[in-house]
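# A look at the structure
Listed here are the chains, written in short residue letters.
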Amino acid sequence: GMLGMLLEPILSGTIEDAYIVPISIYYDKVMETRTYVTELLGAKKSTESLGYVISQAQHLLATRRMRYGNIHVRSGTGFSARAYIERQISLQRRSGSRPLFDPRSTPADFS
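Now for a description of the structure that goes with this document. Keep in mind that what you see is a predicted model, and the values were worked out from it rather than measured.

## Thoughts on the packing of helix H1 (residues 2–11) against helix H5 (residues 81–95)
- Running from N to C, H1 and H5 cross one another at 80°; their axes reach a closest spacing of 10 Å. When the axes of H1 and H5 are compared, the pair comes out roughly perpendicular. Contacts from Leu7, Ile10 and Leu11 of H1 reach H5 at Ala81, Arg82 and Ile85.
- Class assignment for the residues of the contact of H1 with H5 results in five nonpolar, no polar and one charged.

## Digging into the environment of Leu7
- Within the secondary structure layout, Leu7 lies in helix H1.
- Residues Leu7 and Arg82, 75 residues apart in the sequence, show an inter-C-alpha distance of 8.3 Å.

Cut-offs and rules
- Residues numbered from 1 in each chain as written.
- Predicted model: local features only at pLDDT ≥ 70, side-chain atom pairs only at ≥ 80, totals over all residues.
- Heavy atoms only, no water.
- Axes fitted to C-alpha atoms, helices over the stretch in contact; angles between N-to-C directions.
- Helix = DSSP H or I, 4+ residues; strand = E, 2+ residues; numbered from the N terminus.
- Parallel < 35°, antiparallel > 145°, perpendicular 65-115°, else oblique.
- Contact = heavy atoms within 4.5 Å.
- Nonpolar A, V, L, I, M, F, W, Y, C, P; charged D, E, K, R; others polar.

In structure tokens form, the structure reads like this:
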């Protein structure tokens, strides 16, 4: 997903670090009702990407406000991706367990 796209260049040494700022964008009415229902019925979830997020933001800005209600944007406290990776690896080494932290992996890899 998007987190893996961010962490991959750090792990490969392409970039030294990135600063992650969690952002939540939500609105009063559910925009993706049809997609949500089909996913609940077992349809495969479409892959998220930066392009998808940007296209959804453009769609929201182009629609009338009354259609989806108010748009709310909140941000959390930012943090260093490099520091997060190093902290996770350190915690795993101290626990003596087999290292499981690999942001490039998927939950299925741990089954």
